[in-house]
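# Residue-level structural notes
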Amino acid sequence: MAHALVFDSGVGGLSVVEELRKIAPDLYLSYVADDEFRPYGDKTEAQLKSRLPGLLQTLCLMLKPDIIVMACNTASTTALAEIRDAVSVPVVGVVPAIKPAAEQSQTKTIAVLGTPGTVRRRYVDQLIADFASGCDVRLHGSTELVNLAEQKLSGTEIMIASVQSEIAPLFAGKTGASLDTIVLACTHFPLLQNELAAASPKNVTWIDSGNAIARRTLSILQGLKHTKIPSHPATAFLIGGQANFEREVMFKTFGFEKVVTLKA
Ligand code: DGL
């Protein structure tokens, strides 16, 4: 059995945990949410590059995982190389599923729905140039959807109208009329899949990277010698966060028996 550390700014990485649990129920998982610095989507590249490599290095020394899953598009499209340089284990990043979206779109009109940071990154422009040059691509960033996903997983009921107003720009104008495929380029967004579908004015295909990342993680682990897994139950660590009752119950449903608050 191997030990994977799944990292995100908040609960978004749980959408990746869900995929990992489906294909690798025996994998030992630790989870870290950087509550203190969320949302990442409105931070500058310099801010993320200065925080993340050192933080992941510390977490790696403390938790001793076999692999790190950066379950965050914003961090992965900004600081993956720097994080890889800082740690001694493989790091799997999550990047927007632009290639499969371009392949699957019938109308060759796709949208990338991410955080404001992700949709501005050169990395995303490069993915579009490499894999979707034949498509009309609409980019749209939302921090509010990240907040809504956090609220949902803390037990708050989400009003479809608040999701509707966040995604309305995707469906505007000529591009919006022919749009048939939307990339969920933030790991928080698959957690709102039902709300997004209900808020959408028409049927579209929603594509995220969760399953691909889970498969990639397993294939890397297969080629590695694993260290001993921790003897304590699977734990979610919240950096600067509050481990309230609702969150503890929610983390339990994703297989994390313990929730621990860490100081940054
Ligand atoms: N879940 C993250 C992502 O995939 C970041 C959300 C945020 O903190 O802005 O981009």
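Residues numbered from 1 in each chain as written. Predicted model: local features only at pLDDT ≥ 70, side-chain atom pairs only at ≥ 80, totals over all residues. Heavy atoms only, no water.

## Comments concerning the overall build of the protein chain
The criterion, for reference: The secondary structure listing takes helices from DSSP runs of H or I that are at least 4 residues long and strands from runs of E that are at least 2 residues long, numbered from the N terminus. C-alpha atoms define the radius of gyration in this analysis, and the globule rule sets the expected value at 2.2 Å times the number of residues to the power 0.38. Residue burial is assigned from relative accessible area. The probe radius is 1.4 Å, only protein chains are included, and a residue is buried under 20% of its type maximum, exposed over 50%, and partly exposed in between. Any two residues whose heavy atoms approach within 4.5 Å are treated as being in contact. Note on areas: these come from Shrake-Rupley sampling with a 1.4 Å probe, and a residue is covered only by the protein chains present in the view. Asp and Glu count as negative and Lys and Arg as positive, but His and the ends of the chain are not part of the count. One atom stands in for each charge, and that atom is NZ of Lys, CZ of Arg, CG of Asp or CD of Glu.
A tally of helices and strands in the protein chain yields twelve helices and ten strands. The C-alpha atoms of the protein chain give a radius of gyration of 18 Å, which matches the 18 Å a tight globule of 264 residues would have. For the protein chain, the spread of C-alpha atoms along the three principal axes comes to 55 × 40 × 35 Å. Residues counted as buried form 55% of the 264 residues belonging to the protein chain. Look at the contacts in the protein chain between residues 6 or more apart in sequence, and 75% of them connect residues 24 or more apart. Approximately 11,400 Å² of the protein chain is accessible, and the part contributed by carbon and sulfur atoms is 52%. Charge separation in the protein chain, taken as the distance between the mean sites of 25 positive and 26 negative side-chain charges, equals 4 Å.

## Some thoughts on the site of the ligand
Going by this rule: We define proximity as follows: a residue is near a molecule or strand when any one of its heavy atoms falls within 4 Å of that partner. Two N or O atoms count as a polar contact when they lie within 3.5 Å, although within protein this holds only if one can serve as hydrogen donor and the other as acceptor, and sequence-adjacent residues are included solely when both atoms are side-chain atoms. Note on residue classes: Ala, Val, Leu, Ile, Met, Phe, Trp, Tyr, Cys and Pro are nonpolar, Asp, Glu, Lys and Arg are charged, and everything else, Gly too, is polar.
Around the ligand, a shell composed of 14 residues is seen, among which Ser9, Tyr40, Gly41, Thr74 and His188 lie nearest. Backbone polar atom of Tyr40 to an oxygen atom of the ligand: 2.7 Å apart, as the coordinates give it. In the model, an oxygen atom of the ligand is placed 2.5 Å from a nitrogen or oxygen of the Thr74 side chain. Bound to the protein, the ligand loses 100% of the 300 Å² it would expose on its own. Taken together, the residues of the shell around the ligand break down into five nonpolar, seven polar and two charged.

## Regarding the sheet that holds strand E9 (residues 235-239)
Selection criterion: When DSSP finds at least two bridges between two strands, those strands are taken to pair. Between N-to-C directions, angles span 0 to 180 degrees; the directions come from axes that are lines fitted to C-alpha atoms, helices contributing only their stretch in contact.
Reading across from one edge, E4-E3-E1-E2-E9-E10 is the order of the six strands in this open sheet, with parallel pairing throughout. Two strands in the sheet have a free side with no partner beyond their single neighbour: strand E4 (91-93) and strand E10 (258-262). Across this sheet, the average inter-strand angle for adjacent strands is 20°, counted without regard to direction. Of the strand pairs in this sheet, strand E1 (residues 3-8) and strand E3 (residues 67-70) are connected by four bridges, and their pairing is parallel. Across the sheet, residue Phe7 finds its bridge partner in E3, namely Met70. Strand contacts of helix H1 (residues 14-23): E1, strand E2 (28-33) and E3, with the helix running at about 175° to E2, the strand carrying the most contacts. Lying over the sheet, helix H2 (residues 45-63) contacts E1, E2, E3, E9 and E10, oriented at roughly 150° with respect to E1.

## Some details on the sheet that holds strand E5 (residues 109-114)
Pairing is parallel in the open sheet, where four strands are placed in the order E6-E5-E7-E8. Every interior strand has two partners, whereas the edge strands, strand E6 (136-141) and strand E8 (205-207), have only one. Neighbour-to-neighbour, the strand axes of this sheet turn through a mean angle of 20°, independent of strand direction. In the sheet, E5 pairs with strand E7 (residues 181-184) via four bridges, with the strands oriented parallel. Counted as the bridge partner of Ala111 is Ile182 from E7.

## A few points about the environment of Thr74
By the element assignment, Thr74 lies in helix H3 (residues 73-86). Relative accessible area serves as the criterion here: at 3%, Thr74 is assigned to the buried category. Sequence spacing of Thr74 and Val95 is 21 residues, and the spatial spacing of their C-alpha atoms is 8.4 Å. Every residue in contact with Thr74, bar those within four places of it in the chain, is listed here: Tyr40, Gly41, Leu48, Thr115, Thr118 and Arg121. For Thr74, the side chain forms a polar contact with the side chain of Thr118, separated by 3.2 Å.

## Focus on helix H7 (residues 144-153)
Within the span of H7, buried status applies to Leu145, Val146, Leu148, Ala149, Glu150 and Leu153. Positioned one or two residues after H7, Gly155 has a phi angle of 95°, which is positive.

Geometric values such as these leave the question of function open.
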